[in-house]
Amino acid sequence: MLEGSSALTLNPPVRTPYRFPAPRPAQRPAYVDKPAVSGERAPGLPAAASIPGHSRRAVSARPAMKLRFGTVALFACAMTVLLFIVYSYMELSQLNSACQSGAAELLALQKEENILSRRAEANLSLGEVEAYAIGELGMVKPARDQIVYISFPGEDHAEVVPQKGFWGSVKQLFSVMTGKVVEFLD
């Protein structure tokens, strides 16, 4: 069995601190001076740096950055996809706002419908119905001698059919079918 201190190594590896590479001296662009009238070169510049007919300008130490066609095409495709995504979100936003305005308008119209239906029900009274029936349709109220009441001398009665269950229904079905077959054969 191991104790807590037995798992430790006595001689841990020695780590050396990371040393950053020495900084490179900053490169300055070489300047070209326009030579003096007497043909002397500019002070502090080598003889090859003096180019006759040119003014002082920076000479680039690095060549121009070149991009490959695939990189440019990939960037253009990514921008196109991004534009399509932005356009689709714009369309979705417009549809959402149209849906919300339509829902608000529907709610307002339903409230107006409820108000108008209550007004219509309140305006409809039995007196108006009676006036319309008499005036427009030519109806008249019946007199007392025109009303006839019908009475039945017997009592009302009802017959309750007992429930037979599933097997009782099957038995009745076969008995009815047998009766029909017997009638057909006679």
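### Some details on the overall build of the protein
So, step 1. When you go through the protein residue by residue, the secondary structure sums to three helices and two strands.
So, step 2. If you list the helices and strands of the protein from N to C, you get β-β-α-α-α.
So, step 3. The proportion of buried residues among the 186 residues of the protein is 4%.
So, step 4. Of the contacts formed within the protein by residues at least 6 apart in sequence, a portion of 38% connects residues at least 24 apart.

### Overview of a nonpolar patch on the surface
So, step 1. Together, Phe75, Met79, Leu82 and Val86 give the surface a local cluster of nonpolar side chains, amounting to about 380 Å² of exposed area.
So, step 2. With respect to the helices and strands, the residue leucine 82 is situated in helix H1 (residues 69-123).
So, step 3. In this structure leucine 82 comes out as partly exposed when scored by relative accessible area, which is 42%.

### Focus: the pattern of salt bridges
So, step 1. Under the criterion given, the structure shown has one salt bridge.
So, step 2. Ionic pairing is found between lysine 141 and glutamate 130, a salt bridge with its closest N-O pair at 3.5 Å. With lysine 141 in the loop between helix H2 (126-135) and helix H3 (165-185) and glutamate 130 in helix H2, the pair connects residues that are eleven residues apart, well separated along the chain.
So, step 3. The exposure class of glutamate 130 is partly exposed, given its relative accessible area of 35%.

### What about the confidence of the model for the protein?
So, step 1. Per-residue confidence for the protein gives a mean pLDDT of 78; residues scoring 70 or more make up 69%.
So, step 2. For the protein, strand E2 (residues 58-59) is the element with the lowest average pLDDT, namely 50, and H1 is the one with the highest, namely 94.

### Overview of the packing of aromatic side chains
So, step 1. Evaluated as defined, the whole model comprises one aromatic pair.
So, step 2. Ring geometry for phenylalanine 166 versus tryptophan 167: centroids 5.0 Å apart, planes at 75°, classification edge-to-face. Accessibility assignment for this pair places phenylalanine 166 and tryptophan 167 in one class, exposed.

The rules behind the values
Residues numbered from 1 in each chain as written. Predicted model: local features only at pLDDT ≥ 70, side-chain atom pairs only at ≥ 80, totals over all residues. Heavy atoms only, no water. Helix = DSSP H or I, 4+ residues; strand = E, 2+ residues; numbered from the N terminus. Buried < 20%, exposed > 50% of the residue type's maximum accessible area, 1.4 Å probe, protein only. Contact = heavy atoms within 4.5 Å. Patch = residues over 30% accessible without salt bridge, like charges linked within 9 Å, V, L, I, M, F, W, Y side chains within 5 Å. Areas by Shrake-Rupley, 256 points an atom, 1.4 Å probe, with all protein chains shown as cover. Salt bridge = Lys/Arg side-chain N within 4 Å of Asp/Glu carboxyl O. pLDDT = per-residue confidence, 0-100. Phe/Tyr/Trp six-rings, centres within 6.5 Å; stacked < 30°, edge-to-face > 60°.

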